[in-house]
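# Inside the fold
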Amino acid sequence: MAVYIDPPNWPGHGRMWSHMVSDVSYEELHAFAARLGSPARAFERDHYDVPSERYRAAVELGAVEVTSKELVRLLTDAGLRRRKSG
């Protein structure tokens, strides 16, 4: 039972972003994101987009640092991966 975050390597909207996921449930992820102060609009299908300036706060709150590849594997193994359609 954990929430995971990858490094802020994803560019978008003039910033760098991380992805944050749970290996248990979306409920766990939403609860963690609320504690972090992430807005609901930051949730996309199966993860939260977290701006680089909030990365350290997520880790201090308990998010486990993993590589992007590990993050996708954890999400897939948990059965929580939702791919983009079409």
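Residues numbered from 1 in each chain as written. Predicted model: local features only at pLDDT ≥ 70, side-chain atom pairs only at ≥ 80, totals over all residues. Heavy atoms only, no water.

Quick look at the nonpolar core now. In terms of nonpolar packing, the biggest core is built from 14 residues, with Val 3, Ile 5, Met 20, Tyr 48, Val 50, Ala 58 and Ala 63 touching the most fellow members. Looking at this core, the elements with two or more residues in it are β1 (3-5), α1 (26-36), β5 (47-51) and α2 (52-61). Residue contributions to this core peak at 4 residues, all from α1. When near neighbours in sequence (up to four residues on either side) are disregarded, Val 50 contacts Ile 5, Met 16, Trp 17, Ser 18, Met 20, Leu 36 and Tyr 55. (Core = buried A, V, L, I, M, F, W, Y, C linked by side-chain atoms within 4.5 Å. Buried < 20%, exposed > 50% of the residue type's maximum accessible area, 1.4 Å probe, protein only. Helix = DSSP H or I, 4+ residues; strand = E, 2+ residues; numbered from the N terminus. Contact = heavy atoms within 4.5 Å.)

Summarising the element assignment, Asp 46 is placed in the loop between β4 (43-44) and β5. A relative accessible area of 0% places Asp 46 in the buried class. Among the polar contacts listed, one links the side chain of Asp 46 to the backbone nitrogen of Arg 82, at a separation of 2.8 Å. Beyond its immediate sequence surroundings of up to four residues, Asp 46 is in contact with Val 21, Tyr 26, Leu 29, Leu 75, Leu 80, Arg 81 and Arg 82. (Polar contact = N/O pair within 3.5 Å; in protein donor to acceptor, adjacent residues only side chain to side chain.)

Quick look at the pairing of β5 now. Where a strand is regular, its side chains alternate between the two sheet faces. Among the 5 residues of β5, 5 are classified as buried, and the element is accordingly described as predominantly covered. For strand β3 (residues 15-22) and β5, the ladder comprises 4 bridges, and the chain directions are antiparallel. Note on β5: the bridge partner recorded for Met 20 is Tyr 48. Strand direction decides the pairing type here: β4 and β5, joined by 2 bridges, are antiparallel. The residue of β5 that forms the bridge with Phe 43 is Tyr 48. (Pairing = 2+ DSSP bridges.)

This part takes up helix α3 (residues 68-77). Within the span of α3, buried status applies to Leu 71, Leu 74 and Leu 75. Viewed end-on, α3 has its buried residues packed into an arc of 95°, placing them on one side of the element. Across α3 from its buried face, at more than 90 degrees, point the exposed residues Lys 69 and Asp 77. Of the residues one or two after α3, Gly 79 is the one with positive phi, at around 75°. (Arc of directions from axis to C-beta.)

Relative to the helices and strands, Ala 42 is located in the loop between α1 and β4. Taking relative accessible area as the criterion, Ala 42 reaches 13% and is therefore assigned buried. Along the chain, Ala 42 and His 19 lie 23 residues apart, while their C-alpha atoms are 9.8 Å from each other. Every residue in contact with Ala 42, bar those within four places of it in the chain, is listed here: His 47, Tyr 48 and Asp 49.

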